[in-house]
Amino acid sequence: MIRELWEDEIRGEGFGESKFKLYESNEGLREDDANPYFVVWLHGMHCGMIGPKDLKTMQWRLQRRVIFMVPLSPRPCDGLSFNWGCAFTKQQNKKELGFVFGHLHYNFLNALTEKINELSSEFNAERIIAMGYSMGGFGAIQLGCFAPELFDAVVSVAGYGMGTSEPNSGYGAPQPVSGEIFDLFLEREACKLARVPVVLAVHAPSDMCSSFRDVSAIIQKTQETAWDTWERSTAKLVRVPDGMANSDHPGKKRKSNHGYFNCTLLHNGSEKMLWRELRRLVDRAPQRGGDSMDWEPERGWGRSRRWSRMYEDPPNSRSWGWCPT
């Protein structure tokens, strides 16, 4: 069962209208009195709010009662357009390069995270998860970087960051300037993801719209920062097989290999590709704001994000792949 709760708007200075809807779903559960997960779902470019049927499927795969917050990216304001918290002018977005030459709009990110914090507290949410596809994956990364202490998990599917290191970008991003912008994003923003207990990126190496190289670098930076700062963060990269990269549009002549929404998030194969591992990692993650407790290898997570290095493999060994059976 899924039901719409209400609709409202994120308000603040310097950005346009950003409405959101709230849904509650408890499909497949006999009891719904447990504290829910609060999941923020961010849509991709040119897409509106996700359908309730797909949200119900995601809730069923999480195997928990879920409150979904489904916002819309801000409408243009004062000459700026928005890809979630990335703001850019018309000039900066030539060839759709706003994600390279734009800037992070902290007023919007602050207003959105404040609303997430307010609503999740209202529902006494046990976990808060930010996730999205394509531009939504970009937005999930933005949220995790801006307010890492707020989220238990960040899930980016086919996402990306500010700038790009990709020399053969489908958007024709000029190098070396685009790579320099991406390197700055890694050093100033992506490193903050190490304070999020669970960071998962799902991406096809053959994706021609968003760079697998860039997402790999974001995950590696998260791992390395966690290692250096003793943060207990698990960052993993899930590789989507090339044969499934265009599975959403199998008959399309011009293949972008950016169409793997269904196989990664909804269809049965998504259980092995994403949901099983997400459930396991979130279940083991420390509670937000809990008292300090040491990590022990047999007992699992305590209530602290810090741990002893002797129990963990080096960060570069934590990436993992998935292949169909």
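Further up the page is the structure itself.
What comes next concerns the included structure. (Residues numbered from 1 in each chain as written. Predicted model: local features only at pLDDT ≥ 70, side-chain atom pairs only at ≥ 80, totals over all residues. Heavy atoms only, no water.)

**Notes on the pairing of strand E11 (residues 234-239)**
- Of all six residues that make up E11, five are buried, and the element is covered over most of its length.
- Looking at chain direction, strand E10 (residues 198-203) and E11 are connected through six bridges and run parallel. For Val202, the partnering residue across the bridge sits in E11 and is Val238.
- With helix H6 (residues 212-229) bridging E10 and the parallel E11, this β-α-β connection has right-handed handedness. (Buried < 20%, exposed > 50% of the residue type's maximum accessible area, 1.4 Å probe, protein only. Helix = DSSP H or I, 4+ residues; strand = E, 2+ residues; numbered from the N terminus. Pairing = 2+ DSSP bridges. Right-handed = clockwise from strand over helix to strand, strands pointing away.)

**Quick look at the sheet that holds strand E2 (residues 18-25)**
- Sheet architecture is open: eight strands sit in the order E1-E2-E4-E3-E8-E9-E10-E11, paired in mixed fashion. If you trace the sheet from one side to the other, it starts and ends with strand E1 (2-10) and E11, each paired once. For this sheet, the mean angle separating the axes of adjacent strands, direction not counted, is 15 degrees.
- Lying over the sheet, helix H1 (residues 52-62) contacts E1, E2, strand E3 (37-42) and strand E4 (66-71), oriented at roughly 140 degrees with respect to E4.
- Packed onto the sheet, helix H3 (residues 106-122) meets E1, E2, E3, E4 and strand E8 (127-133) and runs at close to 140 degrees relative to E1. (Axes fitted to C-alpha atoms, helices over the stretch in contact; angles between N-to-C directions. Contact = heavy atoms within 4.5 Å.)

**Thoughts on the nonpolar core**
- Membership of the largest hydrophobic core comes to 56 residues, with the highest contact counts inside it found for Phe38, Met69, Ile116 and Phe151.
- Not counting residues within four places of it along the chain, the set of residues in contact with Phe38 comprises Leu22, Ile67, Met69, Ile116, Leu119, Ser120, Phe123, Ala125, Arg127, Ile128 and Ile129.
- Counting residues in hydrophobic clusters, the runner-up holds 38 residues, among them Ile129, Val157, Val198 and Tyr260. (Core = buried A, V, L, I, M, F, W, Y, C linked by side-chain atoms within 4.5 Å.)

**A look at empty space enclosed by the protein**
- For the structure shown, the criterion picks out two cavities of 30 Å³ or more.
- Within this model, the largest cavity holds a volume of roughly 40 Å³.
- Surrounding the largest cavity, Leu104, Tyr106, Leu109, Gln142, Cys145, Phe146, Phe185 and Glu189 form its lining.
- Secondary-structure elements contributing two or more residues to the lining of the largest cavity are H3 and helix H4 (135-146).
- It is H4 that provides the largest number of residues to the lining of the largest cavity, a total of three residues.
- Tallied by class, the residues present in the lining of the largest cavity amount to six nonpolar, one polar and one charged.
- Considering only enclosed or pocket space, the second largest cavity measures out at about 30 Å³ in volume.
- Every residue along the wall of the second largest cavity is listed here: Ile141, Val154, Ser156, Val199, Leu200, Ala201, Ile218 and Ile219. (1 Å grid on protein atoms, 1.4 Å probe; cavity = no way out; pocket = protein on both sides within 12 Å on 5 of 7 lines; lining within 4 Å. Points joined across faces, edges and corners; volume = space filled by probe spheres on them. Nonpolar A, V, L, I, M, F, W, Y, C, P; charged D, E, K, R; others polar.)

**Thoughts on the side chain of His43**
- Relative to the helices and strands, His43 resides in the loop between E3 and H1.
- Only 3.2 Å separates the side chain of His43 from the backbone nitrogen of Ser73, close enough to count as a polar contact. (Polar contact = N/O pair within 3.5 Å; in protein donor to acceptor, adjacent residues only side chain to side chain.)

**Observations concerning H1**
- Within the sequence span of H1, burial applies to Leu55, Met58, Gln59, Arg61 and Leu62. Projected down its long axis, H1 shows its buried positions confined to an angular sector of 160 degrees, all on one face.
- On its buried face, H1 sits against E1, E2, E3, E4, helix H7 (261-265) and helix H8 (269-284).
- Two residues or fewer past H1, Gln63 is found with a positive phi of approximately 60 degrees. (Arc of directions from axis to C-beta.)

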